[in-house]
Structures are given as C-alpha cells and as structure tokens.
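Descriptive analysis of the structure
In case you want the letters, here they are:
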Amino acid sequence: MLKLERAAVLGAGTMGARIAAQFANAGIPVLLLDVASEGDRGAAARRGIESALHQRPPAFFTRAEAALVHAGNFEEDLHRLGACQWIVEAVTEDLEIKRALWARADDYRHPRAVLSTNTSGIPIAEISRGFSHPFRRQFLGTHFFNPPRYLHLLEMIPGAETDSAVLDFVCDFGERLLGKGIVRAKDTPNFVANRMGAFYSAAIQRAMIEQDFTIEEADALTGPLLGIPKTAAFRLIDLIGLDVWASVFANVYTGVNDRWRDWFALPPYMQEMIARGRLGDKSGQGFYKREGSELWAIDWKTLEFHPARKARWDSVERVRKLPLGDRIRALLHQPDRPGIFLWAVLQNVFAYAAEMIPAAADRIVEIDRSMRWGFGHQLGPFELWQAIGFEYIARRIGTELPENIRRMLASGAESFYRLRQYFDLPRTAWNALEPRPGILILADLKQERGTLDENAEASLTDLGESVLCLEFHSKMNTLGEPAILLMRRALDLLHGNFSALVIGNQGDNFSAGANLTAILAAAENRDFGWIERFIRNFQNVLLAIKYAPKPVVSAGFGRALGGGCEVLLHSTRVQAFAELYMGLVERNVGLIPAGGGTKELAMRFADPMRGLGFIANATVSSSAAEARELKLLQPADRISMNPERLIEDAKRFALALTPNYQSGEAKIEIVVSGEAGYCRMRDDLQARLQNSAITEHDFTILEKAAYVLSGGRIANTVVTEQHLLDLEREAFLALCGMPLSQQRITSMLQTGKPLRN
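Everything numeric in this text was worked out from a predicted model, so none of it was measured.

1. Thoughts on the overall build of the protein chain
Broken down by element type, the protein chain carries 32 helices and 25 strands. Against the 2.2 N^0.38 benchmark of 27 Å for 757 residues, the protein chain shows a C-alpha radius of gyration of 28 Å, consistent with a compact globule. Taken over the C-alpha atoms alone, the protein chain extends approximately 80 × 65 × 60 Å along its principal axes. Taken across its 757 residues, the protein chain has 57% of its residues classed as buried. A sequence separation of at least 24 residues applies to 69% of the contacts in the protein chain between residues at least 6 apart. When the accessible surface of the protein chain is summed, it comes to about 30,300 Å², and 50% of that surface belongs to carbon and sulfur atoms. Taking the average place of the 86 positive charges on the side chains of the protein chain and the average place of its 90 negative ones, the gap between the two points comes to 1 Å.

2. Quick word on the side chain of T188
Looking at where T188 falls in the secondary structure, it is placed in the loop between β8 (181-184) and α8 (193-210). With a relative accessible area of 17%, T188 lands in the buried category. Excluding residues within four positions of it along the chain, T188 makes contact with R195, A359 and A360.

3. A closer look at the pairing of strand β21 (residues 573-577)
With four of five residues buried, β21 is to be regarded as a mostly interior element. Pairing between β21 and strand β23 (residues 638-640): three bridges, direction parallel. What sits directly across from F577, in β23, is S640.

4. Overview of the sheet that holds strand β18 (residues 500-503)
Pairing in this open sheet of seven strands is mixed, and the strands run β15-β16-β17-β18-β19-β21-β23 from one edge to the other. Strands with a single pairing partner mark the edges of an open sheet, and in this sheet they are β15 (453-454) and β23. One ladder, built from four bridges, connects strand β17 (residues 467-472) with β18; its direction is parallel. By the bridge assignment for β18, C469 is matched with V502. Against the sheet, helix α21 (residues 481-494) makes contact with β15, β16 (458-464), β17, β18 and β19 (552-554), and its axis sits at roughly 30° relative to β16, the strand it touches most.

5. Regarding the pattern of salt bridges
For the structure shown, the criterion picks out 51 salt bridges. The salt bridge involving K446 is made with E471; its shortest N-O contact spans 2.9 Å. Residue K446 is located in helix α20 (residues 442-449), and its partner E471 is located in strand β17; the two are separated by 25 residues in the primary sequence. In this structure E471 comes out as buried when scored by relative accessible area, which is 10%. Put simply, R652 and E648 hold a salt bridge, and the shortest N to O gap is 2.9 Å. In this pair, R652 and E648 are both assigned in helix α28 (residues 646-657), four residues apart and thus about one turn of the helix distant.

6. Digging into the packing of aromatic side chains
One pass over the structure, following the stated rule, counts 33 aromatic pairs. Both rings, one in F23 and one in W86, keep their centres 5.2 Å apart while their planes meet at 90°; by these two values the pair is edge-to-face. Separated by 63 residues along the polypeptide, F23 in helix α1 (residues 14-25) and W86 in strand β4 (residues 86-89) bring together distant segments of the chain. A relative accessible area of 1% means that F23 is categorised as buried. Residue W86 is classed as buried on the basis of its relative accessible area of 0%. Judged by centre distance (5.5 Å) and plane angle (65°), the ring pair of W260 and W263 falls under edge-to-face. In textbook terms, an aromatic cluster arises when at least three aromatic residues are bridged by ring pairs, as seen for F199, W245, F249, W260, W263, F264 and Y352. The ring of Y392 is capped by R329, whose NZ or CZ atom sits 4.3 Å from the centre of that ring.

7. Regarding the pairing of strand β1 (residues 7-10)
What you see with β1 is no split at all: A7 and V9 on one side and A8 and L10 on the other are buried throughout. In this sheet, β4 lies alongside β1 in parallel orientation, the contact comprising four bridges. Bridging from a neighbouring strand, L10 pairs with E89 of β4. The pairing of β1 with strand β2 (residues 30-34) spans four bridges and is parallel.

8. Here we look at unusual backbone geometry
Cis geometry is found at the peptide bond from R56 to P57, where omega equals 5°. Of note, P57 is situated in the loop between α2 (43-54) and α3 (63-66). In the segment running from N146 into P147, the intervening peptide bond is cis, with an omega of 0°. Looking at where P147 falls in the secondary structure, it is placed in the loop between β6 (139-144) and β7 (153-158). With phi around 50°, T428 is a residue other than glycine that occupies positive phi space. Relative to the helices and strands, T428 resides in the loop between β13 (421-424) and β14 (429-432). On the basis of relative accessible area, T428 is assigned to the partly exposed category, the value being 25%. A positive phi is found at K631, a non-glycine position, where the angle reads about 70°. Here K631 shows up in the loop between α27 (624-629) and β23. Judged by relative accessible area, K631 falls into the partly exposed class, the value being 45%.

9. Regarding α28
Between its first and last C-alpha atoms α28 spans 17 Å; for twelve residues at 1.5 Å apiece the expected length is 16 Å, and the two agree. Within α28, the full set of buried residues consists of L646, I647, E648, A650, K651, F653 and A654.

Calculation criteria
- Residues numbered from 1 in each chain as written.
- Predicted model: local features only at pLDDT ≥ 70, side-chain atom pairs only at ≥ 80, totals over all residues.
- Heavy atoms only, no water.
- Helix = DSSP H or I, 4+ residues; strand = E, 2+ residues; numbered from the N terminus.
- Rg over C-alpha atoms; globule rule 2.2 N^0.38 Å.
- Buried < 20%, exposed > 50% of the residue type's maximum accessible area, 1.4 Å probe, protein only.
- Contact = heavy atoms within 4.5 Å.
- Areas by Shrake-Rupley, 256 points an atom, 1.4 Å probe, with all protein chains shown as cover.
- Lys, Arg positive; Asp, Glu negative; His and termini not counted.
- Charge placed at Lys NZ, Arg CZ, Asp CG, Glu CD.
- Pairing = 2+ DSSP bridges.
- Axes fitted to C-alpha atoms, helices over the stretch in contact; angles between N-to-C directions.
- Salt bridge = Lys/Arg side-chain N within 4 Å of Asp/Glu carboxyl O.
- Phe/Tyr/Trp six-rings, centres within 6.5 Å; stacked < 30°, edge-to-face > 60°.
- Lys NZ or Arg CZ within 6 Å of the ring centre and 35° of its normal.
- Expected span 1.5 Å × (residues − 1).

Set out below in structure tokens:
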C-alpha cells in the first residue's frame, strides 16, 4: 500500500468540500475538482473551499488548513489524480453521474490508489459494475456523515472484490488521522446508520399520525429526553433536507422487501411539502421556519404554519433529571400520552434493530455505534434497550418479539453487553469485543480495577504503566471543593510510585470551570471567607500541578472554560482533542480569571493589552489548532484527531516526558508593565465605554483585570507569580460582592447565556 501523502476529492459541493477540509485538517494536501467554469476554470472548486471556510459551523480548523486544498476542474486536471493515493468521489447521489465520472478518472488514477465513493445508500456493486478487476480491488464505499469535521462516524463498505489490505488501510487511516469511528458495513440499502436512522424517523412519524401529536410535541419527546440531540426528529430532517431524506426512505422502500417495507413509504403530507418546495433549512422552511426572531412550526394536517408551541407534560418534568434508562422506563410505565407515544416508537425501533441482524450488520455493535457516532444518540438501540431493562422490554413486546431475541432469552442471557463482551445474536452466544489498540475506555478500566480514590466530583484510576488518571465527573465537570481535594490527592500519589499524571475524562466536556452555584451561594450569604479559601486552594493546587515533581498531561477536549482552561494552562503539557473550545470566559459572569488564568496571561504575553483582550472578549478557541495560534496551547502540546484515542494518547505523551523530566520552581521574577501598562489599558477601556462597546460594569470588571495584568500599578516592574495570584484573588473577591456580578452569575446558571448589565 502506498503512503498517503496526497488525496483527491471529486465534487466540490457541500459534502465534497467538507470531506476535503477534513483531509486538510489532518495535514493531508488535497486536490479538489469540480466542473469547469467559464473564465475562471476552477471557480466551482474555489467556491467550495470558500463555502467550507465560511459555513457555520466551519469545516476547517483554521484558515491555515484551507491552504492545503488546491482547486481544479474535471476537464483539465484529472491527470493530476496520478499523484494522489486516495481518490474520494463525492458528486451528486446519481448512479449514472457517479459511474461516468469514475470511467474518466480510471484513465488517470495511480494503479494502487484507494478509490472510494461517498454515497449514503447507492449500492457499491452498482457503481463499480463493469469496471476492471484491478479497479474493483481498489474500490469501496466510504460514507462520511455530514458535517465530516464534527460527526464521528465513517462507514466503510467494501465491494465483493475489494482487497482486504485496502480496506484495512483506509479503516486505520480513517480512525487515526481523520479521527473517525469506523463501522464496516454491508452493501445493503442505506448501509447501517441511515437504515436504522430512517426507521427511527419512520416510527416517530407513524406514532405522531396515529396518536394525533403535533410536530412540536413529537420533537419534545424525541430529543434530549430520549438521549437524542436537540434537533430531535423533525428539526433534523430540516437540517438534512426533506428531499434528501425522501431519497433515503426510497432506497429502503425500493431495495428491501420485508415486513417493515411500508414503514418507508413517504407520508402524503411530506410528499406535498416536497411538491411545494418546503425542503427545510436550504429552502427557508420545512417543518419549521423563522418569522423574525420567532420559530414557527407546520401543522402536518393543513401544512399551515403557526408559532411553535412549547410542549410540556407533568410526567416528563418529574423524571427529566433521572439517568436516561431510568427516565425512559419511568415514562413507559405511565399510561399518559408521552408514555403511550414513546412505547409506540421504541417497541418498533427495538424490534427493527434486532431484525437487522444479520440483514444489515452481523453484530449489534455496529448498529449501536452507527447511531451514536452518526446521529449523536447517547445510546444505540441495543444499549438503550439494556439501560431501560432487557427482560422488561422483551416481556412487554411479547408475541412480536423477533426470533433471534427469543433464542437469546432461551439461552439465559440477561443483557446485550457485559465487560468487553457483546451478545452475538446469530450465534446465540457471548463473544469478545475486538481489541481496539490505542483506545482506552475509563469506564471499563474502573469496572475491572476499581478506583484508588473518589468523591462526588472526581476519581483517581490507575491507567497502568505507573500512570495515574484524575477524572472529573460532576455536572458539566465543574470544579468545587471535592475536585480540588482529589487534585491534591493525585499530587500526593505522584510523589510516590506513580511516574506521571493524566488529567482527563470521557464526558461531554473537559470542564466548564469552577462551581458557580457554590460561589454564588457564598456571595449572597456574604461568606467571603469561604470564597477566599476556595480560590486560594484552587490557585495553590494549580501552582503545584505546574511545578509537580513528575509530568502532568491534561487531555483537553470540548469545552475547557474558566477554571477548566486554567487546569490546561498549568499542566506540564496538553494532549488536546482537535475539537477543543478553550478560553477564559469569567467576564461573562462578572468576574476575572482567578485560578491563575490572569497570571498566566501576564506571563505569556509581553503586551498586557493582548491579555486584556482575551478577558474582555471572553475569547474561546474554535479548535485546538486555533488554541495553538492563540498561544493558549504551547508549540510542544499535541493534538489528537480521534476523541476515543485521547486518554491513551495523553498517557503515551506523559510516559515520553518521564525520562528527562525536570520540575521547575515558581517564578520569582516576572516582568510586568506596571503603571504605564495599567494607564494604557485603562485609557482603552474608557474609550470602549464612551463608544458603548462595554457597559459600566464591564469597565469595572476589566479595570480590575488590567490592574492584575500590570502587576498592580507598581513602579518596580518585576514581580513574583504569588504576587499576581494575590492580586487575582483580591479582585475576584471584590467582584463577588457586587450585586451586578451576582446577577450575571445567576443569569448564566439559569439561562446558560451571559447577561450584559
């Protein structure tokens, strides 16, 4: 197999341009081709690049990655394919268009290049029919989910003649370099994820019609309540496009003849919406539309729009905060509208998923992973079935229970999964989950080994090879007194037999920062002594991490805000997931960074105006690559493309640092800008205030930040780290006592949005 040094993408539409962007994000130069335009022959491809840059969310990590994508056209640049080791075709979902383009590309490809088609459901065998055996050996389907930067799933669909070495190569490259979760799929209609996802949609639509629910009611029950993203059922179709979703349904309806076939017949009201051009976001209206700032929803009976009505049921509100499995089971026990609706959906989803083994996939594992990685479900259908209660669901389905589940029950099995094993439905036996080198699952590790110490906010686990892991696991991984206690305990163990520490977790985010609820309660009770002790303890433990006797590597990912960002700033090194949204956002809650964050900005930037800008703008990186550009990450920090590999990558990084590691000492000579720098920053803030760019309270907050960054308006411009930490803490305490800051904290806790008061 060739070393992959250059890729090509044929088709610069939304999908093709985004696939090209993901190759570029991985550092791979990409040739992006599309139809030739009059005049500027490569204009179509260039428009694709620009669109990928300006899409929201953007397809590139930064503009630097966009420079790796080179535009061309099908008429004059196909000969350049010979220098590419992977050619991805991503033109429109039309069999004949795809076949015609491959016939042309076949004349120019390198004989050992990987050839793949990006399709959501067209049979791979049909696309490659009639091509030479050497072509078909290199050819397979690679179904990226849109947007490729953010959705983890990549389905690999080999043809009957695909060389196993080719398949293994693209699976390995896709996982390690493109950051994907790989599902090997069969060449059946819609493969795995869209087959299961389409049925989820079909079951929801049927239940909605039969039980006379509104679009808003159906979405309220099939979003986060069910462990599904906020897009729920119908908002998701608006994002995808109703015409695209109709083709996904048609693939199954025309390609499969089983008892579920009629479920994929598009309902008449959806056919009429398509006829009227109501295709979703791309046409400005679908199941929802915007009227000014107001969201309107469609009435599926009349196809008229009305202001979206918030759906609410007492039974749902009572259980909303329960764990997912317990929550759904409690609702299924209720004989009210939500309970009846959810059972109508789930009993069929579970039965259909079971009957897709082995029709669409050989294992339950692929179906669960495809729904988690491709559609963002918290749990796949078999995982959700198990979380609700395997035997409970089986008994309730009763006579309609699929035959393979009946055999499973007869075998005595009581779940679909247990530690490192899954139940093999075709064989009616337990089977080992395949090892996945480079992927370390903390939950499995804790189930095997237990924890060394734990409390409500954090736990300590032995990762093996003398590496300790500190894991945050509070709500949003906020940091309170219990987390600080475990951080100290981790440092104590680091002085003993452990050779390195990894700080990381596998939740939704690294850490949303300090526990604002506790800080607000203390501030409202005027308990400033507690706040002072809390902040001092947090500062001290982060300073101890910075100068720890052995390496501390933090595995940053997702949101690392406020105190979470400060943990990363004080670590020896950071192993970041590519999607790292890191920043000091305390201004939004009426405070300044006081866990050493303001101090670190003063140390990292010679110009204090730059540090003030970070605090004033509550700057958050849009990726790990941008965090590096912003100097929140250091040049020596590393980036992982695959979130599942992050903890193991951090462990390997920590071990690599161990042999030559030397701990430092707290800085006793830090050059600050003093009185001159403070005056310059204050003048800038006065100008912003006069221009109404900031409020009076913003000025108060930022003036205190300027005071810390300058070192305290001193004539002597050399200070210690501790001096800056003391200034931080004093400013933080003063702001906590201000009613306007307390109002900002309250607003953030209640609405999740910053208050500008």
